[in-house]
Amino acid sequence: MTKYNDEELRMINQVLLGIFIALDFSYFLSLFYSPFPWFALAGTGVGIAMIVFFWSGTKYWLFIFALLFSTALFSLSNNFHAIFS
């Protein structure tokens, strides 16, 4: 495997890991809590992103961006009825 392919796979894995972490936690919160606690989801996403950024710097910026974007997206999608009612 060339170095280019290795870097591409690492980038894809970073994005998918950020999305899956936010998706799984969002699904867990929607199963166990009747009004969706979007502050818990947003706080967890921002907290994990801050921890990763302070520990590793900008090495995992794709993971941080994917985590924050998917956290915002899933928070809006799970609270759509509460926001626009």
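Right, let's walk through the structure included here. Keep in mind that this is a model prediction, so the values were computed, not measured.

Cut-offs applied
Residues numbered from 1 in each chain as written. Predicted model: local features only at pLDDT ≥ 70, side-chain atom pairs only at ≥ 80, totals over all residues. Heavy atoms only, no water. Salt bridge = Lys/Arg side-chain N within 4 Å of Asp/Glu carboxyl O. Helix = DSSP H or I, 4+ residues; strand = E, 2+ residues; numbered from the N terminus. Expected span 1.5 Å × (residues − 1). Buried < 20%, exposed > 50% of the residue type's maximum accessible area, 1.4 Å probe, protein only. Contact = heavy atoms within 4.5 Å.

**Some thoughts on the pattern of salt bridges**
- Going through the model one piece at a time under the given rule, you end up with two salt bridges.
- Between Lys-3 and Glu-7 there is a salt bridge whose closest N-O contact spans 3.9 Å. Note that Lys-3 and Glu-7 are positioned in helix 1 (residues 3–32) at a spacing of four residues, about one turn of the helix.
- One salt bridge in this structure joins Asp-6 and Arg-10, with 3.3 Å as the shortest N-O distance. Remark: Arg-10 and Asp-6 occur in helix 1; sequence separation between them is four residues, near one turn of the helix.

**What about helix 3 (residues 61–78)?**
- Taking 1.5 Å per residue as the helical rise, helix 3 with its 18 residues ought to reach 26 Å, and the 26 Å between its terminal C-alpha atoms agrees with that figure.
- If you check which residues of helix 3 are buried, you get Leu-62, Phe-63, Ile-64, Ala-66, Leu-67, Ser-70, Thr-71, Phe-74 and Ser-75.
- Buried-residue contacts for helix 3 involve helix 1 and helix 2 (38–56).

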